[in-house]
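Here are the chains, one letter per residue:
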Amino acid sequence: MKISKTITLATIALSLGFTSITIAQDGGMKMKKKEKMMMDTKMVGGAEMFPNKNIVENAVNSKDHTTLVAAVKAADLVETLQSEGPFTVFAPTNEAFNKLPEGTVETLLMTENKAKLQSVLTYHVVAGNVSAMDLMKMIKEGKGKAELTTVNGGTITAMLKGKKVQLKDAGGNMSMVTIADVHQSNGVIHVVDTVVLPGM
């Protein structure tokens, strides 16, 4: 009996040990997969985006974001977006800016309109590192939509259109995420096809 009990206890202990090893391995594999995703580079605007560089260092190399970079410089936000963060940036392409009424970009870039430009740009920024997976989870938990508070102080609404994340601004304008999870050393960029605007 004693031998039988000893064998049974040993079997249970061994089983628990294997279970613990399996859980640890699964957890380790998930962590490694996440780390690999963080280290993967993506092509944006014909340039490779490096996860060990900050938001500004990568953005300046994208030929699709020259207007955004010029706007960030004019708004004196370069230093902010080079800081530790982390930040989640919904980055409009040049084509996105071109959708705005004629003369809008030029007007925003004027020195006297710096405060308004800062308001528009920070409306595209959310504090924290929010991945596409995080957004989808938030949308699911919100039963189809998620309210995101921007650095501007306003909110944008995230929802799904098919398998892509779509944003709705204060005026009801829609913007689609075209390239998600472009990881940076101080956050993440999601490229969008339309400029979102705060209530102005």
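The written sequence of each chain sets the order in which its residues are numbered from 1. Per-residue local features are limited, in this predicted model, to residues with pLDDT of at least 70; the limit for side-chain atom pairs, both in listing and counting, is 80 or more; totals at the level of whole chains, interfaces and linings are taken over all residues. To obtain the side-chain values, all non-hydrogen atoms of the structure were used and water was disregarded.

Novice: Could you clarify how one ought to interpret the overall build of the protein chain in this entry?
Specialist: A run of DSSP states H or I qualifies as a helix once it reaches four residues; a run of E qualifies as a strand once it reaches two. Both are numbered from the N-terminal end. Counting its regular elements, the protein chain contains 8 helices and 9 strands. Think of it in three bands: residues with accessible area under 20% of the maximum for their type are buried, residues over 50% are exposed, and the middle band is partly exposed, with areas taken using a 1.4 Å probe on protein chains only. Within the protein chain, the proportion of its 200 residues that are buried is 38%. Residues count as neighbours in contact if any of their non-hydrogen atoms are within 4.5 Å of one another. Counting only contacts in the protein chain whose residues sit at least 6 apart along the sequence, the fraction spanning at least 24 positions is 60%. About 11,900 Å² of surface is accessible on the protein chain, with carbon and sulfur atoms providing 60% of the total. Note on areas: Shrake-Rupley, 1.4 Å probe, and residue coverage restricted to the protein chains presented here.

Novice: Help me out: how do you make sense of the confidence of the model for the protein chain in this one?
Specialist: Atomic detail in the predicted coordinates should be set aside for any region of low pLDDT. What pLDDT expresses is the predictor's confidence in each residue, scored from 0 to 100. Confidence along the protein chain averages 84 in pLDDT terms, with 80% of residues attaining 70 or more. Under a pLDDT of 50 for its full length, residues 1-37 has, in the predicted model, 1 contact with residues more than four places off or in other chains.

Novice: Can you walk me through the nonpolar core in this structure?
Specialist: What tends to happen in soluble globular proteins is that the nonpolar side chains get buried as a cluster. Among buried residues, those of type Ala, Val, Leu, Ile, Met, Phe, Trp, Tyr and Cys that are joined through side-chain atoms within 4.5 Å constitute a nonpolar core. Among the nonpolar cores identified, the biggest contains 27 residues, and V89, L121 and I189 are the most heavily contacted of them. Of all hydrophobic cores here, the second largest spans 15 residues; its members include F90, I139, L148 and L167.

Novice: Just to check I follow, could you spell out the side chain of T67 for this structure?
Specialist: Structurally, T67 can be placed in helix 3 (residues 66-74). When residues no more than four places from it in sequence are discounted, the contact partners of T67 are N94, F97 and V105.

Novice: Where do I start with the pairing of strand 8 (residues 174-184) in this structure?
Specialist: For a regular strand, side-chain orientation follows a simple rule: the groups alternate between the two sheet faces. Paired strands are those between which DSSP finds at least two bridges. Both strand 7 (residues 164-168) and strand 8 contribute to a ladder of 3 bridges, which runs antiparallel. Residue pairing for strand 8: K168 is matched across the bridge by M174. Taking the residues between adjacent antiparallel strands as the criterion, strand 7 and strand 8 are bridged by 5 residues, where G172 takes a positive phi near 90 degrees. As paired strands, strand 8 and strand 9 (residues 187-192) are joined by 5 bridges and run antiparallel to one another. By the bridge assignment, V177 is partnered in strand 9 with V192.

Novice: Mind showing me how you'd approach the environment of Q82 here?
Specialist: Turning to its location among the elements, Q82 is positioned in helix 4 (residues 78-82). Sequence spacing of Q82 and V56 is 26 residues, and the spatial spacing of their C-alpha atoms is 6.0 Å. Q82 has contacts with N54, V56 and N186, leaving out every residue within four places of it along the chain.

Novice: Can you walk me through helix 7 (residues 114-122) in this structure?
Specialist: Residues separated by three or four positions in an α-helix point in the same direction, a consequence of the helix having 3.6 residues per turn. Those residues of helix 7 that sit buried are L117, V120, L121 and T122. Where the residues of helix 7 are buried, they touch helix 3, helix 6 (104-108) and strand 4 (125-127).

Novice: Hey, could you run me through unusual backbone geometry in this one?
Specialist: Trans is the prevailing form of peptide bonds, just as negative phi is the prevailing case for residues other than glycine. Residue P86 is bonded to the preceding G85 through a cis peptide linkage, with omega at 0 degrees. With respect to the helices, strands and loops of the structure, P86 is situated in the loop between helix 4 and strand 3 (87-92). Unusually for a residue other than glycine, K143 sits at a positive phi of about 55 degrees. For K143, the location among the structural elements is in the loop between helix 8 (132-141) and strand 5 (146-149). The backbone phi angle of D181 is positive, close to 55 degrees, even though this residue is not glycine.

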